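As a plain string of letters, each chain reads:
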Amino acid sequence: MHTDRLTVVVAAYNEADSLPLLHPRIVAALDEIPDLDGRVLYIDDGSSDATWRVLADIASHDPRVSLLRLSRNFGKEAALTAGLDTVDEGGALILDADGQDPPELIPAFVAKWREGFDDVHGTRTVRAGEGIAKRATAHLFYRVIGRLSRTPIPADTGDFRLLSQRSLAALRQLRERHRFMKGLFGWVGYRSVSIPYERDARIAGGSKFNFWRLWNFAIEGITSFSTAPLRLATYLGLATAVVAFVYGVWIIFKALMWGDRVAGWPTMMAVILFLGGVQLIALGLIGEYLGRLYDESKRRPLYLVDEFRPADADGG
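Along each chain, the written sequence defines residue order, and numbers are assigned to residues from 1. Given that this is a predicted model, residues contribute local features only at a pLDDT of at least 70 and side-chain atom pairs are listed and counted only at 80 or more, while totals for whole chains, interfaces and linings are drawn from all residues. The side-chain figures draw on all heavy atoms in the structure; neither hydrogens nor water molecules are used.

Right, let's get into helix α3 (residues 76-86). Counting buried positions over the eleven residues of α3 gives eight, a clear majority of the element. Three labels apply to residues, based on accessible area from a 1.4 Å probe with only protein chains included: buried if under 20% of the type maximum, exposed if over 50%, partly exposed otherwise in between. Helix and strand definitions here come from DSSP, where helices need a minimum of 4 consecutive H or I residues and strands a minimum of 2 consecutive E residues; each element is numbered from the N-terminal end. Turning to α3, its buried residues are Glu-77, Ala-78, Ala-79, Leu-80, Thr-81, Ala-82, Gly-83 and Leu-84.

Below, the structure is given as structure tokens:
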């Protein structure tokens, strides 16, 4: 009888407290599917705490666990890419190391995968442990990028998903440096299905994403999968030019009809500052895209591996 292989991919950065609590839950979920060859791959994304020692201890007690250590912190998107690149057989299920996405849903994901779906993703209906501001901004972000991007990006859907072997093969062909994984998953396409779930609070530690990092992440996503900001800058420039032209005609008409007895210094400064602000915004948007082209042109590797320890089940 053919046995499907599934690798649970977990990228961790300074998660020494949460990993010992998360791993037993992953194992219990995999054990619920006896006809599944379940594996676990942990990626240490250049952690500065005891994460690697904790992972080494987990691997020493579980022959199904593989470990991948990057040479430094490359960011979550690059760490996930490294993990997915390592999975060379079967499917891969992405799971956050903080325990917010429940491993207990793995059997439900596998059931959909076996029905023939290539992308089984979890859609959050509840976000426990998060403030009103974070929930509101996350809600807004998914709606904005859904409107701006031509690539289908499901709303309220993160990295918690199961990908088939052909989806993984397709992702390996996408080697852009500025990686917004949620957009890349949608760009690949193939058959997808959503599983709604309630997201839990973190099981330990604190979030590594503050407001500034989340803001940069949003900019990354929008500029990676939409040129709408550039088009918006064009429309803003045209609208400003039209307003400036109409205002100029009015100034000439007023001077011809009634003269210009008082110098309009306040008006002039307001117009100059307004036009200067519009120009700087447009230049900033152009700079964002130009910077991405510059990074892509250097063709640096997405990540560097410091150490790889295959699972003992693979003969490691």
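We call a set of buried residues a nonpolar core when its members are Ala, Val, Leu, Ile, Met, Phe, Trp, Tyr or Cys and they connect through side-chain atoms within 4.5 Å of each other. Counting residues in hydrophobic clusters, the biggest one holds 35 residues, and the most contacted among them are Ile-26, Tyr-42, Leu-93 and Ile-106. Dropping the residues within four chain positions of it, Tyr-42 is found in contact with Val-10, Leu-19, His-23, Ile-26, Leu-55, Ile-58, Val-65, Ser-66, Leu-67 and Leu-68. With 26 residues, the next largest nonpolar core counts Leu-41, Ile-43, Val-87 and Ile-94 among its residues. Two residues qualify as a contact provided that any one of their heavy atoms is within 4.5 Å of a heavy atom in the partner residue.

Tracing the sequence through the fold places Thr-7 in strand β1 (residues 4-12). Excluding its chain neighbours within four sequence positions, the residues that come into contact with Thr-7 are Arg-39, Val-40, Leu-41, Val-87, Gly-91, Ala-92 and Leu-93.

This part is about the pattern of salt bridges. When a carboxyl oxygen of Asp or Glu lies within 4 Å of a side-chain nitrogen of Lys or Arg, that pair is called a salt bridge. One pass over the full model with this rule turns up 15 salt bridges. Close ionic contact of Asp-62 with Arg-64 constitutes a salt bridge, the shortest N to O distance being 3.4 Å. For Asp-62, a relative accessible area of 9% gives the class buried. Linked through salt bridges whose partners overlap, the residues forming this network are Arg-5, Asp-37, Arg-39 and Glu-89.

In summary, the pairing rule links any two rings of Phe, Tyr or Trp, Trp by its six-membered ring, whose centres are within 6.5 Å, and it sorts them by plane angle into stacked for under 30 degrees, edge-to-face for over 60 and tilted for everything else. Considering all chains together, one arrives at two aromatic pairs under this definition. When the centroid spacing of 5.3 Å and the interplanar angle of 80 degrees are considered together, the rings of Phe-160 and Tyr-197 count as edge-to-face. Taken together, the residues Phe-160 in strand β6 (residues 157-163) and Tyr-197 in strand β7 (residues 192-199) connect sequence positions 37 residues apart. One aromatic cluster is present, formed by Phe-109, Phe-160 and Tyr-197 through successive ring pairs. Only lysine NZ and arginine CZ atoms are considered, and such an atom sits over a ring when it is within 6 Å of the ring centre and within 35 degrees of the ring normal. In this structure, Arg-191 packs its charged tip against the face of Phe-117, placed 4.4 Å from the ring centre.

We now examine the pairing of strand β4 (residues 91-96). Of all six residues in β4, six are buried; the element is thus mostly enclosed. Residues Gly-91, Leu-93 and Leu-95 point to one face of β4 and Ala-92, Ile-94 and Asp-96 to the other, with burial holding for every one of them. Should DSSP find at least two bridges between two strands, the strands are taken to pair. By the bridge criterion, six bridges tie β1 to β4 in an arrangement that is parallel. When the bridges of β4 are listed, Thr-7 appears paired with Ala-92. Two strands pair when backbone bridges link them, and β4 and β6 are joined in this way by three bridges, in the antiparallel orientation.

Right, let's talk about the side chain of Arg-161 for a bit. Following the sequence through the fold, Arg-161 ends up in strand β6. Arg-161 gets classed as buried once you look at its relative accessible area, which sits at 2%. At 2.9 Å, the side chain of Arg-161 and the side chain of Asp-119 are in polar contact. In the analysis that follows, any N or O atom pair within 3.5 Å is treated as a polar contact, provided that within protein one partner can donate a hydrogen and the other can accept it, and provided that, for residues neighboring in sequence, both atoms belong to side chains.

A cluster of nonpolar side chains, Leu-280, Leu-283 and Ile-286, forms an exposed patch at the surface whose accessible area comes to about 320 Å². Position of Leu-280 among the secondary structure elements: in helix α10 (residues 265-298). Nonpolar side chains (Val, Leu, Ile, Met, Phe, Trp, Tyr) are joined into patches within 5 Å and like charges within 9 Å, using only residues with over 30% relative accessible area and no salt bridge. All accessibility values rest on the Shrake-Rupley procedure with a 1.4 Å probe; residue burial counts only the protein chains present in the view.

Right, let's get into unusual backbone geometry. Located in the positive-phi region is Asn-14, a residue other than glycine, with phi close to 55 degrees. Tracing the sequence through the fold places Asn-14 in the loop between β1 and α1 (19-31). Residue classification places Asn-14 among the buried residues on the basis of a relative accessible area of 18%.

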